[in-house]
Amino acid sequence: MKKLLKAALLTISTLFVLAGFASAQAPCDPKDNPCKVDVYSKRIAANPGDGEAYYGRGTAYEELKQYDKAIADYTKYIATNPSSKQYFADGYFGRGNCYKYMGSFVKALADYNMAVQLYPSPNIYINRGNYYMSQKEYDRALADYGQALVLNNNEAEAYYNRAKVYSAQKLYSKAIADLDIYLGLNKSNVLFLADGYQNRALAYRDLGKLTQALADINSAIGLDTTLASRFTARATIYHAMGKTALANADEATAETLKK
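All values reported here derive from a predicted model rather than from experimental measurement.

Engineer: Explain the overall build of the protein to me, please; I cannot follow it from the model alone.
Structural biologist: When helices and strands are counted, the protein shows 14 helices and 0 strands. Along the protein, helices (α) and strands (β) appear in the sequence α-α-α-α-α-α-α-α-α-α-α-α-α-α when read from the amino end. Contacts spanning at least 24 positions in sequence make up 47% of the contacts within the protein whose residues lie at least 6 apart. A total of about 12400 Å² of accessible surface is found on the protein, and carbon and sulfur atoms cover 53% of it.

Engineer: How should I be thinking about helix α2 (residues 33-46) in this particular structure?
Structural biologist: What sets the pattern is the α-helix's 3.6 residues per turn: residues three or four places apart point alike. Counted at 1.5 Å a residue, the expected span for α2 with its 14 residues is 20 Å, and the 20 Å between its end C-alpha atoms agrees. Burial in α2 covers these residues: N33, C35, K36, V37, V39, Y40, R43 and I44. Its side-chain oxygen at 3.2 Å from the backbone nitrogen of C35, D32 defines the N-terminal cap of α2.

Engineer: For this particular structure, what's the right way to read the nonpolar core?
Structural biologist: The tendency in soluble globular proteins is for nonpolar side chains to be buried side by side. Among the nonpolar cores identified, the biggest contains 47 residues, and C98, A115, I124, A141, Y145, V165 and Y182 are the most heavily contacted of them. Ranked by residue count, the leading element in this core is helix α9 (residues 156-168), at 7 residues. Formed by 19 residues, the second largest nonpolar core is a distinct cluster that contains A213, L214, I217 and F231.

Engineer: Is there a simple way to explain the pattern of salt bridges in this structure?
Structural biologist: Side chains that differ in charge, positive against negative, can pair when their charged atoms come close. According to the stated counting rule, one finds 15 salt bridges in the structure shown. Here R200 and D180 are joined by a salt bridge, their closest N and O atoms 2.6 Å apart. Within this pair, whereas R200 is found in helix α11 (residues 190-207), its partner D180 is found in helix α10 (residues 172-185), the two being separated by 20 residues in sequence. Each of the salt bridges in this network shares a partner with another, and the network as a whole consists of R43, D50 and E52.

Engineer: Would you mind going over a nonpolar patch on the surface with me for this structure?
Structural biologist: A cluster of nonpolar side chains, namely V190, L191 and L223, defines an oily patch on the protein surface of about 200 Å² accessible area. Structurally, L191 is set in helix α11. Relative accessible area serves as the criterion here: at 33%, L191 is assigned to the partly exposed category.

About the cut-offs
Residues numbered from 1 in each chain as written. Predicted model: local features only at pLDDT ≥ 70, side-chain atom pairs only at ≥ 80, totals over all residues. Heavy atoms only, no water. Helix = DSSP H or I, 4+ residues; strand = E, 2+ residues; numbered from the N terminus. Contact = heavy atoms within 4.5 Å. Areas by Shrake-Rupley, 256 points an atom, 1.4 Å probe, with all protein chains shown as cover. Expected span 1.5 Å × (residues − 1). Buried < 20%, exposed > 50% of the residue type's maximum accessible area, 1.4 Å probe, protein only. Polar contact = N/O pair within 3.5 Å; in protein donor to acceptor, adjacent residues only side chain to side chain. Core = buried A, V, L, I, M, F, W, Y, C linked by side-chain atoms within 4.5 Å. Salt bridge = Lys/Arg side-chain N within 4 Å of Asp/Glu carboxyl O. Patch = residues over 30% accessible without salt bridge, like charges linked within 9 Å, V, L, I, M, F, W, Y side chains within 5 Å.

Right, here's the structure in full:
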């Protein structure tokens, strides 16, 4: 799953967007973040205490990768004392994501910790787990992915990311077990399915199960031929099988895709 470090916003985000658009009578396309910034800025100008508008504009700035502005808006939103712990958690969660994208990992972790204390949710646990994984704090990452799955055992991303941690720990059988579940949960998403097959192929390769590895990487390439990493992965499997010519051909394809 390539969007591992980009968490989905909580339900409140959608509610705020709809409320903002209805209030300003200026509907925006869901992907038109400059329009959203304009709508929420007008709401804030009319009512500087409008916490929902700060949150909505913060999410738009986050999507635009204007993280300093997003952090400022999330901070103002938090200062408006949202009406529930869940809404408070949303503010810390959004701000934590922005700090993470900027590389301010200590601040990101502090905000994730606050969000977990206020209103634990799978998204928050997964994002904090991703932070721990990036720092190679694998036991903490596994604990957070486990907590996400306690709250929702169909959280595909938690299985996928936990499998990555298991692979990093060379616990390939556990990684494969998680990827089995992940693949079952992503049958309708071609790219996610391809990623799952690719990662499982590498785990099989590292276990020395080359036949299964080749079958999986072929499935991944059958679903998506746009990523060089898929052909590079298959090349490593072919090399392990002693099929040098096929490996070289895949390496050449990978180089072409990188250009």
